[in-house]
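Examining the three-dimensional arrangement
Listed below are the residues making up each chain.
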Amino acid sequence: MSSTPTPRPLPVLAIHGGAGTLTRGAMRADQEALYRDALSRVLMAGQEQLALGASAVDVVVEAVRLLEECELFNAGRGAVYTAAGTHELDACVMDGRDCRAGAVAGVSRTRNPILAARAVMDHSAHLLFVGAAADELAARHGLEQVSPNWFGTPHRLEQLRRAQRLQAGALRDHDGQDLLDQATPIEASGPIDEETKFGTVGAVALDAAGHLAAATSTGGMTNKQVGRVGDTPLVGAGTYANDATVAVSCTGTGELFIRACAAHDVSALMAYAGMSLEEACDRVVMQKLPADAGGLIAVAANGDVCLPFNSEGMYRGYVRVGAVRPVVAVYRSK
Ligand code: ASP
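Here's a quick rundown of the structure. The structure presented is a predicted model; accordingly, all values stated were derived computationally and were not measured.

Remarks on the sheet that holds strand β6 (residues 212-218)
Pairing within the open sheet is mixed, and its eight strands lie in the order β4-β3-β2-β6-β5-β1-β11-β12. This sheet does not close on itself; its edge strands, each paired only once, are β4 (128-130) and β12 (327-331). Put simply, the sheet's adjacent strands are angled 10 degrees from each other on average, direction ignored. Looking at chain direction, strand β11 (residues 313-320) and β12 are connected through four bridges and run antiparallel. Across the sheet, residue G313 finds its bridge partner in β12, namely Y331. With respect to the sheet, helix α2 (residues 56-69) is in contact with β1 (12-20), β2 (89-95), β5 (201-206) and β6, its orientation differing from that of β5 by roughly 160 degrees. Contacting β2, β3 (100-107), β4 and β6, helix α3 (residues 113-123) crosses the sheet at an angle of about 135 degrees to β3.

Okay, here's the thing in structure tokens:
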């Protein structure tokens, strides 16, 4: 007796542009619209690729590349500054078909760090390259190199200056002086507070062939120490994909996601504890990670999508093939 095969779930792409605290005071509708439009455009481009049969890996890499090119987000151009006023970018891509992955950390010359991560996955026997050697590998594979200044914007520089004034103020405060008066607030550029926003970008997708992939890219955290690496380029912490379970991309305070092995934990809870995607995400984001750590996006092998966060907001969205328009959100829905 032959049983009817279960139909394949529709291909789907989900993306994030960072999580954080909502901007204090009135949020400007035109600023929110900028973020929503940027996310929608990336989602629609990915939807078209998926409809044409593109692989999940190609779709997540292109989605993250487009987000890197957008100054609104803390990845590629528009990346945050280190304490030394430089840029060190991290990225990772993982293919759920065979759990192959490629990653780079601390690159400062490759225009699109996610393409460098892809080059590592496709052309190297190793998985993670750091610093100048990672840029050199990217250059050898024909990826565009830029001056390290190219990543910066005046807005990000002001963010660094403010973080440093606050830090210096905090020191002085131990001597009994007032710290907050010394820091002039910067104008918010989006609905999520620039001072507590984690603007990392990421994408997860399920393709028409039933394969999963995840990609994440970041400038890290404003005023980070030179040489600091967060969760983004670490398989199982900030990025993970396995066709048997789920594809995950995280955003938030990297150290907390590394300690929690957050991305792999979602997969492990599904594989070993038989949890649904929603249960696994709830366990990791709402119960395991400390409050305000950030969030993640996840798409499961069965096509379920979950975009949980435990901060106040997260730039996020998803779209299925055939949908009239993408779903895009910034705040927590009631
Ligand atoms: N997770 C990133 C890091 O710690 C930051 C972010 O998500 O924005 O480097």
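Details of the site of the ligand
The local shell around the ligand holds 13 residues, among which T200, R228, D231, T251 and G252 are the closest. Within the side chain of T200, one N or O atom sits 2.6 Å away from an oxygen atom of the ligand. At a separation of 2.9 Å, an oxygen atom of the ligand approaches a polar backbone atom of G254. Residues of the shell around the ligand, tallied by class, amount to two nonpolar, nine polar and two charged.

Here's the deal with the sheet that holds strand β8 (residues 246-252)
Strand pairing in a sheet relies on backbone hydrogen bonds. The paired strands run either parallel or antiparallel. A sheet is described by the order of its strands in space; here four strands give the open sequence β7-β8-β9-β10, paired in antiparallel fashion. Two strands close off the open sheet at either side, each with one partner strand: β7 (239-241) and β10 (305-306). With seven bridges joining them, β8 and strand β9 (residues 294-300) adopt antiparallel strand pairing. Within β9, the position partnered with V246 by the bridge is A300. Strands β7, β8 and β9 of the sheet are contacted by helix α7 (residues 262-273), whose axis makes an angle of about 145 degrees with β8.

Some details on helix α8 (residues 277-288)
Between its terminal C-alpha atoms α8 stretches 15 Å, which fits the 16 Å expected from 12 residues at 1.5 Å a residue. Turning to α8, its buried residues number three or more, namely L277, A280, C281, V284 and V285. An end-on view of α8 places all buried positions within 100 degrees of arc, on one side of the element. Facing away from the buried surface of α8 by more than 90 degrees, the exposed residues are E278 and Q287. Elements in contact with the buried residues of α8: β8, α7, β9 and β10.

Thresholds, definitions, all that
- Residues numbered from 1 in each chain as written.
- Predicted model: local features only at pLDDT ≥ 70, side-chain atom pairs only at ≥ 80, totals over all residues.
- Heavy atoms only, no water.
- Pairing = 2+ DSSP bridges.
- Helix = DSSP H or I, 4+ residues; strand = E, 2+ residues; numbered from the N terminus.
- Axes fitted to C-alpha atoms, helices over the stretch in contact; angles between N-to-C directions.
- Contact = heavy atoms within 4.5 Å.
- Near = heavy atom within 4 Å.
- Polar contact = N/O pair within 3.5 Å; in protein donor to acceptor, adjacent residues only side chain to side chain.
- Nonpolar A, V, L, I, M, F, W, Y, C, P; charged D, E, K, R; others polar.
- Expected span 1.5 Å × (residues − 1).
- Buried < 20%, exposed > 50% of the residue type's maximum accessible area, 1.4 Å probe, protein only.
- Arc of directions from axis to C-beta.

Geometric values such as these leave the question of function open.
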